[in-house]
Amino acid sequence: MVHKMRYRIVTAILRVIFTIYEFLQFGCWVKKEKLPQEGAVIVCNHVTTLDPVLVGLKFDKPIFYMTSKHVFQNRLIGKILKYLVNPIPKEKINKSDIASIKMCMQIAKENGSICIFAEGNRTFTGKLGYVDPAIIKLVKRLGKPLIVCNIVGGYGSEPRWCNGPRRGKMEVSIKNTYSPEQMAEMSNDVLYQQVVSDMTVDEFSAGVRFKSKRRAECLESILHICPVCGKEHHLYSCKHEIRCSGCGNVVVYNEDLTLSCDNKAFPFRYVHEWYDYQLDVLQGREFPEGKRIYTDEIEVYKPQMWQKKELIGKGQIQLCGDSIRFDLNNGEMMFPIEDVLGITLIGNKIMDIYVGDVTYRIKGNHETNLIKYMHTYYIIQNRAKGIKNGLVGI
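This structure is a prediction, so every number in the text was calculated from the model and none was measured. Per-chain numbering applies: the sequence of each chain, read as written, is numbered from 1 onward. Owing to the predicted nature of the model, reporting of local features is limited to residues with pLDDT of at least 70; listing and counting of side-chain atom pairs is limited to 80 or more, with chain, interface and lining totals taken over all residues. In computing side-chain properties, one takes all heavy atoms of the structure into account and sets aside hydrogens as well as water.

Some words on the pairing of strand β14 (residues 331-336)
Here strand β13 (residues 323-328) pairs with β14 via six bridges, running antiparallel. Each bridged residue has a counterpart across the sheet, and for I324 the counterpart in β14 is F335. Only strands that DSSP links by at least two bridges are regarded as paired with each other. We count a stretch as a helix when DSSP gives it H or I for four or more residues in a row; a strand needs E for two or more, and each element gets its number in order from the N terminus.

Right, here's the structure in full:
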């Protein structure tokens, strides 16, 4: 599997194309490094859609990437990727995905190299997201050298919430390496803390400017509470500004990733501070059973591996304190919160809701804020389980 000639040919062709593209688009020039003969496990922070390309440019041999299964739900793209680069499909909400672990073990056995973006999804704010400690057990089990990489400047170049890339500066580097012998001498907790530290980057103090004609557009896809008046669903963006229609407050998103506002009541300098404020507000709220919390216009699809997604209907989604409901043009569907296994976001405009063996894909418009559904769902679930400050989704 690892040593098929087409993987080397594809890697060589893509290296030429994307070396030029990454330099022209992002000002990124990647210095190539050699991978160990016995292969390696590469872990890296996740900031842009092209992170696998950057990691691939960094090393001299083909790499097999652990990839969310939603990539394979487009029949054509899934089959092309499977043939050309053979990614490792992974369920987002299934921590012990046996099939993906077996594929990793086979690749390692054949001295191939595996790349894992340990957060499981791209960062919304430039800060490192939650890293599942189980990754350390997998790395040790594979018995290969561990290489920790950093991508710096990716958040400024292509924020997850944005509607297009920006011109600035981005780079990928090797932060640390660990031999199997070194890892064997470290406890899982110690190695986990070290790897998290290695992956953590500072996107904000370098003073790099990222140029775009629409810097702030789509920020309302992750921001939904005005910190000045406290109102929800009144934020809208235009070019470099995000405004509140409730109180008239105007915030500018600057080229150096800072926020500026003439209103002294606005307290934040960075998007991640505003984002964390929202989470604090939600954590402090009560969500009574049966009471509607949020509602939005959406389309509902049923995606399946290797098949075209099926449109279930168009209408509204409603989140209540005890249920999620679809009021569609062709009927209604209601799921108790306790029956929902998880919610994840794909990019910033698509949300997957997992109920039993079925995935419901929710698609909003460019103004729809879906992240509030994911955060609120996990807060309700965490409270039911007695968990404080638990995971609020990826």
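Focus on the packing of aromatic side chains
In this description, an aromatic ring pair is defined by two values, namely the gap between the centres and the angle between the planes. The rule is short: rings of Phe, Tyr and Trp, with Trp giving its six-membered ring, pair when the centres are within 6.5 Å, and they are stacked under 30 degrees, edge-to-face over 60, tilted in between. What the rule picks out here adds up to 15 aromatic pairs. Pairing F335 with Y360 gives two aromatic rings, centres 5.0 Å apart and planes at 40°, and the pair type is tilted. Pair noted here: F335 is in strand β14 and Y360 is in strand β17 (residues 358-363), with a separation of 25 residues, a long-range link. As far as the burial class goes, F335 and Y360 line up, both buried. Criterion for a charge above a ring: Lys NZ or Arg CZ within 6 Å of the ring centre, and within 35 degrees of the ring normal. Sitting over the ring of Y301, K309 keeps its end group 5.2 Å from the ring centre. Just above the ring of Y294 sits the side chain of K372; from NZ or CZ to the centre is 5.4 Å. A simple rule labels every residue: compare its accessible area, found with a 1.4 Å probe on the protein chains alone, to the largest value its type can have, and call it buried under 20%, exposed over 50%, or partly exposed in between.

Some details on helix α2 (residues 51-58)
Most of α2 is tucked away, with seven of its eight residues classed as buried. Taken together, the buried positions of α2 are D51, V53, L54, V55, G56, L57 and K58. Among the structural elements, α1 (5-26), β1 (41-44), β2 (64-68), β4 (114-117), β5 (146-152) and β6 (171-178) are those in contact with the buried residues of α2. A contact between two residues is defined here by any heavy atoms of the two lying within 4.5 Å.

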